[in-house]
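# Structural features, examined
Here's the letter readout for the chains.
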Amino acid sequence: MARAAGVSTAVVSYVLNDGPRPVAAETRRRVLDAVEATGYRPDGIARALASGATHTLGLVLPDIANPFFAALAHALEDEASRHGLVFFLGDSAEQRARQHELIESFVGRRVDGLVIVGVDEELDLSPARRAGLPVVVLDRILGEPDVGAVGIDNRAAAALATEHLLHHGRRRIGLVTGPEDLPTAAARADGWREALTAAGLAPAEDLTRHSRFDRHGGYRAGRSLLGVKTPPDAVFVASEQQAFGLLRAAHEAGVSIPDDVAVVAVDGTEAAEYSVPSLTTVTQRFDELAARAIELIQHPAAESRTAVCNFDLVPRRSCGCPEPRDPEREPTS
């Protein structure tokens, strides 16, 4: 290609890598014309070996089939693309051993950094530490100075959801959350308790159910919770997927949502708009989560390695609020 452009290989390198030396406009044009004519494609592996950077990142998620994680992965891919980066995606299938294998695999592929949502509180990052890779953990704050952490204030999000149910006049508010040993589940349970206590109500611990963060877990918790002698008049659910399971359990039990029981969940996605009734959620801002994660990967020496992101209450029918107006769904005349 250098011969086709009538320049040296060094000049070709300067054009394709945008430096380190400037190239005259006419010379640059000849090189780019030669690239197009020859169909040349840069050797990414060779460039990585030369520069020491692969411009790739590893993303480890516990369940890519979960719409929340799928939406998060999409936002991360978009943000990475804006920075000229590409993600390798790994699904740990909620298994600690598989999670560790993926971390080791990505380190072996010489990714430039790792973004991880752990399956539980045990997160072995030793392979990444040995390789000197920057790591960002999503959905929880580890408090480790060498590990970036991006997420929301889970207590505050749960408290906001519970307060919204209180504003609807509900007083016997139950809780469906994740496994007791998960920090996210525990924090959201704490937020539920704090909101009730602040309102002068004793949290009804007999109306608390712990289950998997998925639809089946929510379904089983819902069947149990709605089957008690004096059921709740509202339920705060710690994840959207659990809430979908609870909605099915309510339908099977003849319980009207929201007339009999109002429901608010955390971690809403677009799917919340299409449940019946539509689901009120405290929604995380995926774009913000993604932007902060990439920022911490690219600046591992930043003074603050923790980013607490914003969230929004999106009221819909499941709590008793009117359906939000959506001009795109309204019939045209």
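Structure shown above.
Here is a short report on the structure shown in this document. Keep in mind the model is a prediction, meaning the values are calculated, not measured. (Residues numbered from 1 in each chain as written. Predicted model: local features only at pLDDT ≥ 70, side-chain atom pairs only at ≥ 80, totals over all residues. Heavy atoms only, no water.)

Evaluation of the coordinates by the stated rule reveals 3 aromatic pairs. Counting every residue linked through ring pairs, the aromatic cluster contains Phe68, Phe69 and Phe286. Here arginine 248 stacks its cationic end above the ring of tyrosine 219, 4.9 Å away from the centre of that ring. (Phe/Tyr/Trp six-rings, centres within 6.5 Å; stacked < 30°, edge-to-face > 60°. Lys NZ or Arg CZ within 6 Å of the ring centre and 35° of its normal.)

When two helices pack together, their arrangement is given by the angle between the helix axes and the distance between those axes. Contact geometry of helix 8 (residues 154-167) with helix 9 (residues 183-198) gives a least axis separation of 7 Å together with a crossing angle of 40 degrees. If you check the angle between helix 8 and helix 9, you find them oblique. The crossing of helix 8 and helix 9 is right-handed. In this structure, helix 8 contributes Asn154, Arg155, Ala158, Ala159, Thr162, Glu163 and Leu166 to the contact, and helix 9 contributes Thr184, Ala187, Arg188, Asp190, Gly191, Trp192, Glu194, Ala195 and Leu196. Taken together, the residues of the contact of helix 8 with helix 9 break down into 7 nonpolar, 4 polar and 5 charged. (Axes fitted to C-alpha atoms, helices over the stretch in contact; angles between N-to-C directions. Helix = DSSP H or I, 4+ residues; strand = E, 2+ residues; numbered from the N terminus. Parallel < 35°, antiparallel > 145°, perpendicular 65-115°, else oblique. Left-handed = near helix turned anticlockwise from the far one by under 90°. Contact = heavy atoms within 4.5 Å. Nonpolar A, V, L, I, M, F, W, Y, C, P; charged D, E, K, R; others polar.)

Moving on: the environment of glycine 84. Here glycine 84 lies in the loop between helix 5 (67-82) and strand 2 (86-91). Classification of glycine 84 by relative accessible area gives partly exposed; the value is 49%. Measuring from C-alpha to C-alpha, the distance between glycine 84 and histidine 55 comes to 7.0 Å, with 29 residues separating the pair along the chain. (Buried < 20%, exposed > 50% of the residue type's maximum accessible area, 1.4 Å probe, protein only.)

With that out of the way, let us pick up the pairing of strand 9 (residues 262-266). Residues in a regular strand point their side chains to alternate faces of the sheet. Burial runs high along strand 9: 5 of the 5 residues are buried. As defined by bridge partners, strand 8 (residues 234-237) adjoins strand 9 across 4 bridges and the pair is classed as parallel. Each residue of the ladder has a partner; that of valine 237, found in strand 9, is alanine 265. (Pairing = 2+ DSSP bridges.)

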